[in-house]
Amino acid sequence: MSDRYDELARLGVATVYEASGRQGLVDEELVRLVPGSAAAGPARIAVCGPADNRAVHEVAARTQPGDVVVLTMDSPVPVALVGDLLATQLKTRGAAGVLVNGSVRDADALRELGLPVWARWIRVRGATKAHRGAVDVPVVVGGTVIHPGDAVVLDGDGAVVVAADRLDAVLAASRRREATEAEARRRYLAGALSYDLYGYRTADAQPA
Ligand SMILES: O=C([O-])CC(=O)C(=O)O
Ligand SMILES: [Mg+2]
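Under an unreviewed UniProt entry, the name given to the protein chain is Putative 4-hydroxy-4-methyl-2-oxoglutarate aldolase, and the organism recorded is Phytohabitans maris. According to the UniProt record, the Subunit (unreviewed entry) comment for the protein chain reads "Homotrimer."

With that out of the way, let us pick up a nonpolar patch on the surface. A contiguous nonpolar patch, built from Tyr-188, Leu-193, Tyr-195, Leu-197, Tyr-198 and Tyr-200 and spanning about 620 Å² of accessible area, is present on the exposed surface. On the accessibility criterion, Tyr-195 (41% relative accessible area) is partly exposed.

A few words on the packing of helix α1 (residues 3-11) against helix α6 (residues 167-189). At their nearest, the axes of α1 and α6 sit 11 Å apart, and the two run at 40° to each other. Taken as axis vectors, α1 and α6 run oblique relative to one another. The element α1 and its partner α6 pack so that their crossing is left-handed. Contacts between α1 and α6 involve Arg-4, Tyr-5, Glu-7, Leu-8, Arg-10 and Leu-11 from the first element and Leu-167, Asp-168, Leu-171, Ser-174, Arg-175 and Glu-178 from the second.

Among the nonpolar cores identified, the biggest contains 25 residues, and Leu-71, Leu-81, Val-82, Val-98, Val-100 and Val-104 are the most heavily contacted of them. Here this core takes 4 residues from helix α3 (residues 54-62), the largest share from any one element. Judged by nonpolar contacts, the second largest core, of 17 residues, contains Val-26, Ile-146, Ala-159 and Val-161.

Our focus in this paragraph is the pattern of salt bridges. Once the charged atoms of two side chains with opposite charge are near each other, the side chains can pair. As enumerated under the stated definition, the model contains 16 salt bridges in all. The salt bridge partner of Glu-7 is Arg-10, with a shortest N-O separation of 4.0 Å. Residue Glu-7 and its partner Arg-10 are both found in helix α1; the two are separated by 3 residues, about one turn of the helix. With its nearest N and O atoms 3.5 Å apart, the salt bridge here joins Arg-120 to Glu-28. With Arg-120 in strand β6 (residues 117-122) and Glu-28 in the loop between α2 (13-19) and β1 (31-32), this residue pair connects regions lying 92 residues apart in the sequence. We classify Glu-28 as partly exposed; its relative accessible area is 32%. What you see here is one network of salt bridges that share partners, running through Arg-44, Glu-58, Arg-62, Asp-67, Arg-132 and Asp-136.

Here the focus is the layout of surface pockets. Considering only enclosed or pocket space, the largest pocket measures out at about 170 Å³ in volume. The set of elements that each furnish at least two residues to the lining of the largest pocket consists of β4 (80-82) and α4 (84-92). By residue number, the principal contributor to the lining of the largest pocket is α4, which donates 4 residues.

Taken together, Asn-53, Gly-83, Asp-84, Leu-85, Leu-86, Arg-105, Asp-106 and Lys-129 make up the full set of residues adjacent to ligand 1. One of the backbone N or O atoms of Leu-86 is found 2.9 Å from an oxygen atom in ligand 1. A distance of 2.9 Å separates an oxygen atom of ligand 1 from a polar atom in the side chain of Lys-129. For ligand 1, whose accessible area on its own is 260 Å², the fraction buried by protein is 87%. A molecule is said to occupy a pocket when more than half its atoms come within 2 Å of that pocket's grid points, and by this definition ligand 1 occupies the largest pocket.

Here is what the cut-offs are and how they apply
- Residues numbered from 1 in each chain as written.
- Chains lettered and ligands numbered in written order.
- Predicted model: local features only at pLDDT ≥ 70, side-chain atom pairs only at ≥ 80, totals over all residues.
- Heavy atoms only, no water.
- UniProt positions renumbered as here; feature names shortened; annotations may be inferred.
- Patch = residues over 30% accessible without salt bridge, like charges linked within 9 Å, V, L, I, M, F, W, Y side chains within 5 Å.
- Areas by Shrake-Rupley, 256 points an atom, 1.4 Å probe, with all protein chains shown as cover.
- Salt bridge = Lys/Arg side-chain N within 4 Å of Asp/Glu carboxyl O.
- Buried < 20%, exposed > 50% of the residue type's maximum accessible area, 1.4 Å probe, protein only.
- Axes fitted to C-alpha atoms, helices over the stretch in contact; angles between N-to-C directions.
- Helix = DSSP H or I, 4+ residues; strand = E, 2+ residues; numbered from the N terminus.
- Parallel < 35°, antiparallel > 145°, perpendicular 65-115°, else oblique.
- Left-handed = near helix turned anticlockwise from the far one by under 90°.
- Contact = heavy atoms within 4.5 Å.
- Core = buried A, V, L, I, M, F, W, Y, C linked by side-chain atoms within 4.5 Å.
- 1 Å grid on protein atoms, 1.4 Å probe; cavity = no way out; pocket = protein on both sides within 12 Å on 5 of 7 lines; lining within 4 Å.
- Points joined across faces, edges and corners; volume = space filled by probe spheres on them.
- Near = heavy atom within 4 Å.
- Polar contact = N/O pair within 3.5 Å; in protein donor to acceptor, adjacent residues only side chain to side chain.
- Sits in = over half its atoms within 2 Å of the grid points.

And the structure:
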């Protein structure tokens with residue numbers, strides 16, 4: 001929605017992660033359902049009960065335009081938290097994207113719908129609707145704490161989270177990093193090598 005989130009999505013997960021001081025990585029293998037898609041927005045969070053997705057129905061009712069909807073469980077299992085009907089509601093509410101620390105189903109319909117969705121698994125096993133769960137609470141996904149309103153950035157590399165109070169600083173650092181990389185790319189296209197530019201050819205190897 002806002003220009004800042006559009007810019008984060010364009011800058012991408014790897015650049016934002018590095019510019020953030022290598023913080024905020026959602027350190028999980030994620031499947032991107034819509035090829036080529038990227039998204040960024042403030043986190044709108046639901047914690048589902050065990051193998052249950054009632055909280056997803058509640059979070060859909062609270063979703064605001066531009067939100068990235070983050071769905072998780074205390075112990076994630078490959079149960080379908082979202083399929084095309086819930087995704088249709090999230091899209092109609094204006095969600096920018098969806099991050100599912102669980103599985104999704106109706107994968108072909110999700111692709112067709114075009115709402116950018118990332119998930120741990122594609123698996124059909126159905127969720128119960130028995131537990132209220134919790135909405136608009138902090139969670140940990142892939143080792144990273146996500147508070148409601150933190151920026152979530154998603155692309156072909158996965159997901160990274162930027163704490164809301166660091167957003168402007170990380171955005172500025174990401175722009176600087178993008179400019180530095182653009183210059184490096186220009187030199188490499190002209191035949192230069194990082195091995196020489198960074199002095200690795202002559203320097204002693206440094207520990208990582
Ligand atoms: O109904 C569900 O629990 C998930 C689903 O398949 C959908 O949203 O279409
Ligand atoms: Mg369905």
